[in-house]
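# Observations on the three-dimensional arrangement
Listed below, chain by chain, are the residues.
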Amino acid sequence: MRVLVTGASGFVGQHLVNVLVERGDEVVAWGFSDAVAAEGAIVDLRDAEAPDRHNLRGLEAVVHLAGLAQASRSFTEPAGYVATNTAMEINSSRRSSGRGAFRACWW
């Protein structure tokens, strides 16, 4: 299965990518760093055009794990925190849905 994992450089994302690769899946891994064991790219999902610069054809599933993780920031800058996480979700779902992905999981 060809799977896009956003947030692949985060704690959960790294573990999920490793499991999928061990299982034999073709993983497209997006994160803020390229320290992943798959076809990886540094992609800033706050940029609505960023996903268009990558090959998403043939995706069968998307696991969206990207987001701001600092809970304290949600109290100090709630509007920015929500806007950033919402933009990342919209950009990943909008760009991947038109590329064949029929399964999606948002964390």
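Look up a bit, the structure's there.
Structure report, in brief. (Residues numbered from 1 in each chain as written. Predicted model: local features only at pLDDT ≥ 70, side-chain atom pairs only at ≥ 80, totals over all residues. Heavy atoms only, no water.)

## Quick word on the overall build of the protein
Tallying secondary structure elements over the protein gives 3 helices and 5 strands in all. For the protein, the α and β elements follow one another from N to C terminus as β-α-β-β-β-α-α-β. Within the protein, the fraction of its 107 residues that count as buried is 37%. A fraction of 56% describes how many contacts in the protein between residues 6 or more apart in sequence connect residues 24 or more apart. Carbon together with sulfur atoms contributes 55% to the accessible area of the protein, which is approximately 6,000 Å² in total. (Helix = DSSP H or I, 4+ residues; strand = E, 2+ residues; numbered from the N terminus. Buried < 20%, exposed > 50% of the residue type's maximum accessible area, 1.4 Å probe, protein only. Contact = heavy atoms within 4.5 Å. Areas by Shrake-Rupley, 256 points an atom, 1.4 Å probe, with all protein chains shown as cover.)

## Brief notes about the nonpolar core
Among the nonpolar cores identified, the biggest contains 14 residues, and Leu4, Trp30, Val43, Leu45, Leu56, Leu59 and Met88 are the most heavily contacted of them. Those elements that place two or more of their residues in this core are strand 2 (26-31) and helix 3 (78-97). Among residues more than four places away in sequence, those in contact with valine 43 are Trp30, Gly31, Phe32, Ala50 and His54. Ranked by size, the runner-up nonpolar core spans 10 residues in total, among them Val3, Leu20, Val27 and Ala61. (Core = buried A, V, L, I, M, F, W, Y, C linked by side-chain atoms within 4.5 Å.)

## Side note on the pattern of salt bridges
When their charged atoms lie close together, side chains carrying opposite charge are able to pair. A full pass over the atoms with the stated rule returns 2 salt bridges. Across the pair glutamate 26 and arginine 2 runs a salt bridge, and its minimum N-O distance is 2.9 Å. Here the residue glutamate 26 occupies a position in strand 2, and arginine 2 occupies one in strand 1 (residues 2-6), the gap between them amounting to 24 residues. For arginine 2, a relative accessible area of 7% corresponds to the buried category. Across the pair aspartate 25 and arginine 23 runs a salt bridge, and its minimum N-O distance is 2.6 Å. For arginine 23, a relative accessible area of 54% puts it in the exposed group. (Salt bridge = Lys/Arg side-chain N within 4 Å of Asp/Glu carboxyl O.)

## With respect to the environment of alanine 50
Turning to its location among the elements, alanine 50 is positioned in the loop between strand 3 (39-42) and strand 4 (61-64). What alanine 50 contacts, discounting residues up to four positions off in sequence, is Val43 and Asp44.

## Some details on the side chain of aspartate 25
Take aspartate 25: it is sitting in the loop between helix 1 (11-23) and strand 2. On the basis of relative accessibility, which here comes to 12%, the residue aspartate 25 falls in the buried class. At 2.6 Å, the side chain of aspartate 25 forms a polar contact with the side chain of arginine 23. Apart from residues lying up to four places away in sequence, aspartate 25 is in contact with Met1 and Leu20. (Polar contact = N/O pair within 3.5 Å; in protein donor to acceptor, adjacent residues only side chain to side chain.)

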